[in-house]
Every structure is written in structure tokens, then in C-alpha cells.
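Geometric and topological summary
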Amino acid sequence: VIKLASVIGDQFHQKLLRHLSKEANMPVSSGMFDKRVREMVTLGFFVDRANAAGAGVFAFRSQLVREVVYNNLTFEQRKKMHVGAVKVIRHDSAALKEDAKPHLAIWFHLKCAEDKDDTFEVTTAAAQAGPTLTHPPSMALPQRRARRDP
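**Side note on the overall build of the chain**
A tally of helices and strands in the chain yields eight helices and three strands. Out of the 150 residues in the chain, the part that is buried amounts to 36%. Residue pairs in contact within the chain that sit at least 24 positions apart in sequence constitute 62% of those at least 6 positions apart. Accessible surface, the chain as shown: approximately 9200 Å² in total, 53% of it carbon and sulfur.

**Quick notes on the confidence of the model for the chain**
For the chain, the mean per-residue pLDDT works out to 78, and 75% of the residues sit at or above 70. Confidence scores differ between elements of the chain, with helix 4 (residues 50–53) showing the lowest mean pLDDT of 61 and helix 5 (residues 63–71) the highest of 95. Note on residues 133–139: pLDDT is under 50 here. Beyond four places in sequence and across chains, it has 16 contacts.

**Focus on helix 6 (residues 75–92)**
Along its 18 residues, helix 6 runs 25 Å from first to last C-alpha, staying within 8% of the 26 Å computed at 1.5 Å per residue. Looking at helix 6, one finds that the buried residues are Arg 78, Met 81, His 82, Gly 84, Ala 85, Val 86, Val 88, Ile 89 and Asp 92. Against helix 1 (2–8), helix 2 (14–23), helix 5 and helix 7 (103–112) lie the buried residues of helix 6.

**Observations concerning the pattern of salt bridges**
Per the stated rule, a full pass over the model turns up four salt bridges. With its nearest N and O atoms 2.5 Å apart, the salt bridge here joins Asp 34 to Arg 18. Taken together, the residues span a long stretch of sequence, with Asp 34 in helix 3 (residues 30–42) and Arg 18 in helix 2 at a distance of 16 residues. Classification of Asp 34 as partly exposed rests on a relative accessible area of 27%. For Arg 18, a relative accessible area of 18% puts it in the buried group. Its salt-bridge partner being Lys 87, residue Glu 23 comes within 3.7 Å of it at the nearest N-O pair. On the criterion of sequence distance, the pair formed by Glu 23 in helix 2 and Lys 87 in helix 6 is long-range, its members being 64 residues apart.

**Thoughts on the packing of helix 2 against helix 3**
In the contact formed by helix 2 and helix 3, the axes pass within 11 Å of each other and the chain directions differ by 125°. Here helix 2 is positioned oblique relative to helix 3, judged by the angle of their axes. Considering only the axes of helix 2 and helix 3, their crossing is right-handed. Facing helix 2, whose interface residues are Gln 14, Leu 17, Arg 18 and Ser 21, helix 3 presents Ser 30, Phe 33, Asp 34 and Val 37.

**Looking at the packing of aromatic side chains**
Across all of its chains, the model carries four aromatic pairs by this definition. Seen in terms of ring centroids, Phe 12 and Phe 46 are 5.0 Å apart; in terms of plane orientation they differ by 70°. Their pairing is edge-to-face. Within this pair, whereas Phe 12 is found in strand 1 (residues 11–13), its partner Phe 46 is found in strand 2 (residues 46–48), the two being separated by 34 residues in sequence. No difference in accessibility class separates Phe 12 from Phe 46, as the two residues are buried. Centre to centre, the rings of Phe 12 and Phe 60 are 6.1 Å apart; their planes meet at 65°, and the pair counts as edge-to-face. Residue Phe 12 is located in strand 1, and its partner Phe 60 is located in strand 3 (residues 57–60); the two are separated by 48 residues in the primary sequence. Of the two residues, Phe 12 and Phe 60, both sit in the buried class. Ring-pair connections join several aromatic residues into one group, and the members of that group are Phe 12, Phe 46, Phe 58 and Phe 60.

Rules and cut-offs
- Residues numbered from 1 in each chain as written.
- Predicted model: local features only at pLDDT ≥ 70, side-chain atom pairs only at ≥ 80, totals over all residues.
- Heavy atoms only, no water.
- Helix = DSSP H or I, 4+ residues; strand = E, 2+ residues; numbered from the N terminus.
- Buried < 20%, exposed > 50% of the residue type's maximum accessible area, 1.4 Å probe, protein only.
- Contact = heavy atoms within 4.5 Å.
- Areas by Shrake-Rupley, 256 points an atom, 1.4 Å probe, with all protein chains shown as cover.
- pLDDT = per-residue confidence, 0-100.
- Expected span 1.5 Å × (residues − 1).
- Salt bridge = Lys/Arg side-chain N within 4 Å of Asp/Glu carboxyl O.
- Axes fitted to C-alpha atoms, helices over the stretch in contact; angles between N-to-C directions.
- Parallel < 35°, antiparallel > 145°, perpendicular 65-115°, else oblique.
- Left-handed = near helix turned anticlockwise from the far one by under 90°.
- Phe/Tyr/Trp six-rings, centres within 6.5 Å; stacked < 30°, edge-to-face > 60°.

In C-alpha cells, the structure reads:
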């Protein structure tokens with residue numbers, strides 16, 4: 001659960017996380033999934049943002065924890081999960097109560113998956129959708145650590 005959440009971003013909707021678990025071939029029963037999310041809250045990894053952002057919205061308590069979890073995934077694991085997120089958002093964005101214009105979330109996940117062709121198409125669609133799209137802080141691109149030569 002925490003690995004999937006790290007791919008989505010700082011803040012995530014539980015429904016999106018559940019759908020992504022199925023897409024990433026990590027299916028867990030609905031009751032067990034909700035229990036795991038609640039355990040992450042109890043352990044202090046997630047914060048329940050239900051009051052501020054609506055029911056079922058959670059966030060990482062610490063950006064550092066999210067980065068450590070994300071950076072411990074292999075590139076192939078991250079890519080698979082980002083591509084899965086794109087599929088879920090494209091298919092279920094209305095059902096997941098996501099933004100009416102999910103182009104930005106799709107662009108973010110394609111960019112992280114390094115899918116240049118689809119990223120170009122989504123960028124074009126987002127530009128045509130309107131110039132008011134902004135980059136929400138919950139979708140900050142993961143930072144790549146610079147390698148230092150000895």
C-alpha cells in the first residue's frame with residue numbers, strides 16, 4: 001500500500017489507490033485494503049485528510065518518507081505503477097471524483113514512466129483544454145539524486 005501511494009504523490013484518494021493495486025497486480029480484498037490504509041495512519045505514515053479534502057483522501061505525513069519509499073522501488077516497478085495509474089485515471093477519473101480535466105495527473109505519471117510519445121499527446125491535449133492548468137504540490141516530480149564521482 002505504501003509503495004503504491006508513493007507513486008501517486010503526496011496526497012491520494014483511497015479509491016484511486018485501491019484501483020491502482022488491482023492494475024499493478026497487487027489485488028487485495030476491499031476490506032483488507034482499507035484496513036492496511038488505516039494501519040498506515042495508525043503507524044504515522046499517512047494522515048487522514050477527510051475534513052479538508054473530502055472522504056477517503058490521505059496524505060503522507062512526511063515527504064521524506066514518501067521519497068525514501070519511492071526511491072527504493074526499481075525503475076521497472078515505478079514505471080509499471082505509473083503506467084497503471086494512467087490506465088486507472090483514464091478509465092475511472094469520473095468515478096474516482098478526480099479533476100474533470102485529468103490531463104495533468106496523466107502527464108505526471110507518463111513523465112515519471114518516461115513514456116515520451118504519450119507524454120507529448122497528453123501535453124497537447126492539456127494545452128488545448130485550457131491555459132489555467134497548474135502543477136499542484138501533491139504531484140511534485142520525484143527528485144533524482146545527483147551522482148557524485150569519488
